[in-house]
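Understanding the architecture of this molecule
If you want the building blocks of each chain, they are given just below.
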Amino acid sequence: MKAKKGEVIHKLKIARGQIDGILQMIEEDRYCVDISNQLQANQQILQAHIRNCVREALQTDVENPKLEEALKVLEKMAQ
């Protein structure tokens, strides 16, 4: 694994916190639109990460068809 283990663990804990927050919203019977907005925000954060950080990791500014394909899959999952 190229990524540093500590960084990966930290990011996964952040993701777990976000999921726990959404679960809590559902358990509290929060307004559906609020929950949807939170889910969309998480999707946008992930998309930005893929477009920026992953592209940087690939060390290229050229649009990558595989990257865009992955983003489309994420968009479909969110619908």
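First things first, this report covers the structure right here in the doc. Bear in mind that the values here come from a model prediction, so they are computed numbers and not experimental data. (Residues numbered from 1 in each chain as written. Predicted model: local features only at pLDDT ≥ 70, side-chain atom pairs only at ≥ 80, totals over all residues. Heavy atoms only, no water.)

Structural notes on the environment of Glu68
Within the fold, Glu68 resides in helix α3 (residues 65–78). The exposure class assigned to Glu68 is buried, which follows from its relative accessible area of 18%. In this structure the C-alpha to C-alpha distance between Glu68 and Ile50, which are 18 residues apart in sequence, comes to 9.0 Å. (Helix = DSSP H or I, 4+ residues; strand = E, 2+ residues; numbered from the N terminus. Buried < 20%, exposed > 50% of the residue type's maximum accessible area, 1.4 Å probe, protein only.)

As for the pattern of salt bridges
Inspection of every chain in the model, using the stated rule, returns 1 salt bridge. Salt-bridge contacts for Arg30 lead to Glu28; the nearest nitrogen and oxygen are separated by 3.9 Å. Accessibility expressed as a relative area gives 38% for Arg30, which makes it partly exposed. (Salt bridge = Lys/Arg side-chain N within 4 Å of Asp/Glu carboxyl O.)

Describing unusual backbone geometry
Unlike most non-glycine residues, Asp29 shows phi in positive territory, near 55°. Asp29 gets classed as exposed once you look at its relative accessible area, which sits at 71%.

Notes on α3
Its 14 residues give α3 an end-to-end C-alpha distance of 20 Å, which sits within 8% of 20 Å, the value for a rise of 1.5 Å per residue. All of the buried residues along α3 are Leu67, Glu68, Leu71 and Leu74. All buried residues of α3 fall inside an arc of 115° around its axis, so they share one side. Residues of α3 that are exposed and point over 90 degrees away from its buried face: Pro65, Lys66, Lys72, Lys76 and Met77. (Expected span 1.5 Å × (residues − 1). Arc of directions from axis to C-beta.)

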